[in-house]
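Read off the chains here:
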Amino acid sequence: MLKKMQNFGAGPAQLPFEALQSAREEIYNFRGTGLSVMCISHRSKEYTELHAETLDLLRRLLNLPENYNILLLHGGASLQFAMVPMNLLNPGNSADYIITGRWSLKAFNEAQTVGNARIAATTEQDGKFLRIPKQEALNLDSKAAYCHITSNNTVYGTQWRQFPGAAGVPLVADMSSDILSRQFDIAPFGLIYAGAQKNLGPAGVTAVIIREDIVEKCRAGLPTLLRYRTHVENNSLYSTPPCFAVYMMNKTLTWLQSRGGIEWAQEQSVLKAGLVYGTIDSAPEFFISSVEEESRSLMNAVFRLPTEELEEAFIAVASENGFVGLAGHRSLGGIRISMYNAVSVDSVRELTSFMRDFATKNG
Ligand SMILES: *Cc1c(COP(=O)(O)O)cnc(C)c1O
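Residues numbered from 1 in each chain as written. Predicted model: local features only at pLDDT ≥ 70, side-chain atom pairs only at ≥ 80, totals over all residues. Heavy atoms only, no water.

Asker: Looking at this model, I keep getting lost on the sheet that holds strand 7 (residues 147–150). Mind explaining?
Answerer: Across a sheet, paired strands are connected by hydrogen bonds in the backbone, their directions being either parallel or antiparallel. Read from one edge to the other, the open sheet built from 7 strands follows the order 2-12-11-10-7-3-4, with strand pairing classed as mixed. Each having just a single partner strand, strand 2 (68–73) and strand 4 (116–122) make up the two edges of the open sheet. Across the sheet, the axes of successive neighbouring strands diverge by a mean angle of 20 degrees, strand direction being ignored. Across 6 bridges, the pairing between strand 3 (residues 94–99) and strand 4 is parallel. In the strand pairing of strand 4, Ile-98 is matched with Ala-121. (Pairing = 2+ DSSP bridges. Helix = DSSP H or I, 4+ residues; strand = E, 2+ residues; numbered from the N terminus. Axes fitted to C-alpha atoms, helices over the stretch in contact; angles between N-to-C directions.)

Next comes the structure, spelled out in structure tokens:
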């Protein structure tokens, strides 16, 4: 018997069941080749078609204009922390970073190893990040090469609801944990990157969306694989791509498209977050949320219970009931519920009913 758990893990996160099932059926025989997709040339007709199809799916789901390139790279979001400044930050220039959590801090620290990075705002208070800054609080440099933000703060559970205005300076965003969960205007963005393992597919492939004028301005003289231009010119096939991860991304995006794309995902995430925050707010002394209300993430809800013992019991009893992936980030503790696209409204409804029951019994 297949024991199916309901997975609320923050990443690598749940993939659509249909995507896993379809991959299982094709594992020995990819598109009639009689071979696994893991064992064929990335120059084969079958793989190059899959590759092009995946790029096209992502372009259509995001409704991307022609002047944006999509790259599929190795190295995770963490390599982008370095590649962005290496390519976009010329000597003599400076880049702005808005620090709203652990990942933006890492991106900033990495940029400092490359060039001149500057903090345009931080919401750190007593070592914690509980909100998104207001536009008035941003100290932006109008000459900056770019302004970097993290659209969703996976660890602290905050999210930019409205992206900041950077007055003509291109925005660069780490959207690893909320890409394809909502519609937004792409125009202010020069570059967007996202590790796949939250909303796009499995770990191992990273999507980079880069505007044409930004590619033109990229620095020369970098090692070949670290230049965006190399990947633009070679359609992300300069060296062997992460073929299997791209294949699973294709399955995940096909699933999302069949459900109704980004509009559907946005509707679902509003419903899911409504259920979770509604439950938290119904027992604020038991489910203790310190995140500012307007900054709450629709992807990751982070909260504490009155004691660490209760948190441990919550995670253990939840697991006995089939709900897993609920422990907070290792740096914070507490509870985190991640509600990416492949997590259904029904799953979330069952979890919130468990939460209410647990609060009644233990509150
Ligand atoms: C998970 C995550 C990362 C880290 O991604 P890697 O692929 O492990 O480098 C970076 N940024 C955000 C916002 C994330 O959620």
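Asker: Would you explain the layout of surface pockets in this entry?
Answerer: Think of a ball as big as a water molecule: rolled over the atoms, this probe shows where empty space is left. When its volume is computed, the largest pocket comes out at roughly 450 Å³. Forming the boundary of the largest pocket are 23 residues, of which Gln-14, Phe-17, Ala-342, Ser-344 and Ser-347 lie nearest the centre. The set of elements that each furnish at least two residues to the lining of the largest pocket consists of strand 1 (6–7), helix 1 (17–26), helix 7 (243–259), helix 8 (261–282) and helix 10 (345–362). Sort the elements by how many residues they give to the lining of the largest pocket and helix 10 lands first, with 4 residues. Considered class by class, the residues forming the lining of the largest pocket number 11 nonpolar, 7 polar and 5 charged. By volume, the second largest pocket is sized at about 330 Å³. Residue contributions to the lining of the second largest pocket peak at 4 residues, all from helix 3 (residues 76–88). Its residues assigned to classes, the lining of the second largest pocket comprises 6 nonpolar, 13 polar and 4 charged. (1 Å grid on protein atoms, 1.4 Å probe; cavity = no way out; pocket = protein on both sides within 12 Å on 5 of 7 lines; lining within 4 Å. Points joined across faces, edges and corners; volume = space filled by probe spheres on them. Nonpolar A, V, L, I, M, F, W, Y, C, P; charged D, E, K, R; others polar.)

Asker: Hey, could you run me through the site of the ligand in this one?
Answerer: Taken together, 13 residues form the shell around the ligand, and within it Ser-78, Thr-154, Asp-174, Gln-197 and Lys-198 come nearest. A distance of 2.5 Å separates an oxygen atom of the ligand from a polar atom in the side chain of Thr-154. For the ligand, an oxygen atom lies 2.9 Å from a polar atom in the side chain of Gln-197. Contact with the protein chains removes 86% of the 390 Å² of surface that the ligand exposes when unbound. When each cavity is represented as a set of grid points, the ligand is found to reside in the second largest pocket. Among the elements that make up the shell around the ligand, the one with the highest residue count is helix 3 (4 residues). When grouped by side-chain class, the residues that make up the shell around the ligand number 3 nonpolar, 8 polar and 2 charged. (Near = heavy atom within 4 Å. Polar contact = N/O pair within 3.5 Å; in protein donor to acceptor, adjacent residues only side chain to side chain. Areas by Shrake-Rupley, 256 points an atom, 1.4 Å probe, with all protein chains shown as cover. Sits in = over half its atoms within 2 Å of the grid points.)

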